[in-house]
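Remarks on the overall topology
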Amino acid sequence: MHISVVVPTFNRAHTLPRALDSILRQSLPATEIIVVDDGSQDDTGGLIRRRYPQVRYLRQPNGGVSSARNRGISAANGDWIALLDSDDAWLPDKLAAQRAALGEHPDIRLCHTQEIWIRHGRQVNQMDKHAKSGGYIFRACLPRCVISPSATLLHRSLFDELGIFDEDLPACEDYDLWLRICATEPVAFVPVPQIRKYGGHVDQLSRKHWGMDRFRIRALEKIIGLGRLDAGDRAAACAMLVRKAGILAAGARKRGHTARAAYYEAKQQAFG
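The sections below set out a description of the structure shown in this document. (Residues numbered from 1 in each chain as written. Predicted model: local features only at pLDDT ≥ 70, side-chain atom pairs only at ≥ 80, totals over all residues. Heavy atoms only, no water.)

1. Observations regarding helix α3 (residues 65-75)
Applied cut-off: Relative accessibility thresholds used throughout: buried, under 20% of the residue-type maximum; exposed, over 50%; partly exposed, between the two (1.4 Å probe, protein chains only). Counting from the N terminus, the helices are DSSP H or I runs at least four residues long and the strands are E runs at least two residues long. Pairs of residues are marked as contacts when any of their non-hydrogen atoms sit within 4.5 Å.
Across the 11 residues that make up α3, a large majority, eight, are buried. Residues of α3 that are buried make contact with β1 (3-9), β2 (32-37), β3 (56-59), β4 (80-83), α6 (156-162) and α7 (173-182).

This is the structure:
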């Protein structure tokens, strides 16, 4: 198993060492580590040169997290790709635990793990709606993203067959990819937490964009339009799209945004 780790980053020289150190401490070493600097204006480049000479450092003009991840995936030499956001950190046995899980299920091409959530420096409990699992989880993926990029290990053939991250989505690009994969693929799951996922900072995409369900609706339209879903999954995806469009339409009506409300009401009619 040759594992390439892809770390996209933008102006996070203050958290990047925590992420990179967690990779270097793995009991199962990665084959290569690729940092894709998405146009940072801080000292990210200098940090890599001074402290992490073993890291492949790629720099590009700012294009967003999907663009950065895709650049790293394209450059990777490994047959397996692990993703790690530059504000998160792995526990020491993350890759080893995933290798063991995949060894029990040799036909599975995506493995994710349980995670520990840290908000404002304190551990918080996840709600039931954020529960994670393995197997055929397409319907569990419909309400929200239930797989964290930082928790994944994927065979690169998935990207070759099903596509990479959608760079036209400003957010929920991971939700979109997991729908495409989980529509037909089972996933392996490590129930013991293997990552620390840090949140609450001001540059999170969920704070930058209003109405994240706007982007989930676009992803749902895509997967429905691909024609790859069986009848039951298609009905479930349509029902979720109608539900999310209804929430956005009601919110728009309440705020006097009539054109926006009509836009989402039309989607309710089209998929209802």
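The rest of the description comes next.
2. Concerning the packing of aromatic side chains
Quick reminder of the rule: Two rings from Phe, Tyr or Trp (for Trp, the six-membered ring) form a pair when their centres sit within 6.5 Å of each other. Planes less than 30 degrees apart are called stacked, planes more than 60 degrees apart edge-to-face, and all others tilted. A ring is considered to have a charge above it if a Lys NZ or an Arg CZ atom is located within 6 Å of its centre and within 35 degrees of its normal.
Under the definition given, this model contains two aromatic pairs. Measuring from ring centre to ring centre gives 4.9 Å for Tyr 263 and Tyr 264, while their planes differ by 85°; the resulting arrangement is edge-to-face. The class for Tyr 263 is partly exposed, based on a relative accessible area of 47%. Assessed through its relative accessible area of 6%, Tyr 264 is described here as buried. The ring of Phe 165 carries Arg 69 above its face, with NZ or CZ at 4.9 Å from the centroid. Just above the ring of Tyr 175 sits the side chain of Arg 216; from NZ or CZ to the centre is 5.9 Å.

3. Regarding the nonpolar core
Stated formally: Residues grouped as a nonpolar core are buried Ala, Val, Leu, Ile, Met, Phe, Trp, Tyr and Cys residues, joined through side-chain atoms within 4.5 Å.
Counting residues in hydrophobic clusters, the biggest one holds 49 residues, and the most contacted among them are Leu 110, Phe 138, Leu 154, Leu 179, Ile 181 and Leu 220. Residue contributions to this core peak at seven residues, all from helix α10 (residues 231-254). Residues in contact with Phe 138, not counting those within four places in the same chain, are Leu 179, Cys 182, Ala 183, Ile 223, Leu 229, Asp 233 and Ala 237. Counting residues in each nonpolar core, the second largest holds 30 residues, with Ile 33, Val 35, Val 55 and Leu 95 among its members.

4. Some words on the packing of α7 against helix α9 (residues 213-225)
Our working definition: Structural elements are reduced to axes, namely lines fitted to C-alpha atoms, with helices fitted over the stretch in contact, and the angle between N-to-C directions of any two is expressed from 0 to 180 degrees. By definition in this entry, angles of less than 35 degrees are roughly parallel, angles greater than 145 are roughly antiparallel, angles of 65 to 115 are roughly perpendicular, and the rest are oblique. Handedness of a crossing follows from how the near helix is turned relative to the far one, being left-handed for an anticlockwise turn of less than a right angle and right-handed for a clockwise one. In the scheme used here, Gly and all other residues not listed as nonpolar or charged are polar, with Ala, Val, Leu, Ile, Met, Phe, Trp, Tyr, Cys and Pro taken as nonpolar and Asp, Glu, Lys and Arg as charged.
One can describe the packing of α7 onto α9 by two numbers: an axis separation of 9 Å at closest approach and a directional angle of 25°. It follows that α7 is roughly parallel to α9 by the angle criterion. For the element pair α7 and α9, the recorded crossing hand is right-handed. In this structure, α7 contributes Tyr 175, Asp 176, Leu 179 and Arg 180 to the contact, and α9 contributes Arg 216, Ala 219, Leu 220, Lys 222 and Ile 223. Taken together, the residues of the contact of α7 with α9 break down into five nonpolar, no polar and four charged.

5. Some details on the packing of helix α1 (residues 16-24) against helix α2 (residues 44-51)
Close contact between α1 and α2 brings their axes to 11 Å; oriented N to C, the two are set at 35°. As α1 packs across α2, the resulting crossing turns out to be right-handed. For the pair formed by α1 and α2, the contact residues are Leu 16, Pro 17, Leu 20 and Asp 21 on the first element and Thr 44, Leu 47, Ile 48 and Arg 51 on the second. Of the residues that constitute the contact of α1 with α2, the class distribution is five nonpolar, one polar and two charged.

6. Focus on the side chain of Lys 244
Here is the rule: Counting of polar contacts relies on pairs of N or O atoms within 3.5 Å, with two restrictions inside protein: one atom must be capable of donating a hydrogen and the other of accepting it, and residues adjacent in sequence are counted only when both atoms are side-chain atoms.
Looking at where Lys 244 falls in the secondary structure, it is placed in helix α10. Within polar-contact distance, the side chain of Lys 244 engages the side chain of Asp 213 at 3.0 Å. Once residues lying within four places of it in the same chain are set aside, the contact partners of Lys 244 are Leu 142, Pro 143, Tyr 175, Asp 213, Arg 216, Ile 217 and Leu 220.

7. Things to note about α10
Working note: α-helix, 3.6 residues per turn, so residues spaced by three or four point in the same direction. For clarity, the cut-off: Here, expected helix span is obtained from the residue count minus one, scaled by 1.5 Å.
Here α10 spans 35 Å end to end across 24 residues, near enough to the 34 Å set by a 1.5 Å rise per residue. When we look at burial in α10, the residues that qualify are Asp 233, Ala 237, Cys 238, Met 240, Leu 241, Lys 244, Ala 245, Gly 246, Leu 248, Ala 249, Gly 251 and Ala 252. Among the structural elements, α5 (138-141), α7, α9 and α11 (258-271) are those in contact with the buried residues of α10. The N-cap residue of α10 is Asp 230: its side-chain oxygen and the backbone nitrogen of Gly 232 are 3.2 Å apart. Gly 256 occupies a position one or two residues after α10 and carries a positive phi of about 80°.

8. Observations concerning the pairing of β1
Rules: When DSSP finds two or more bridges between a pair of strands, those strands are recorded as paired.
Along β1, seven of the seven residues are buried, which leaves the element largely enclosed by surrounding structure. Side chains Ile 3, Val 5, Val 7 and Thr 9 project from β1 onto one buried face, and the interleaved Ser 4, Val 6 and Pro 8 project onto a second face that is buried too. Note that β1 and β4 share four bridges and pair parallel. Across the sheet, the residue bridging to Val 5 is Ala 82, located in β4.

9. Section: unusual backbone geometry
The backbone of Asn 11 shows a phi angle near 55°, a positive value even though the residue is not glycine. By the secondary structure assignment, Asn 11 is in the loop between β1 and α1. By relative accessible area, which is 24% here, Asn 11 ends up partly exposed.

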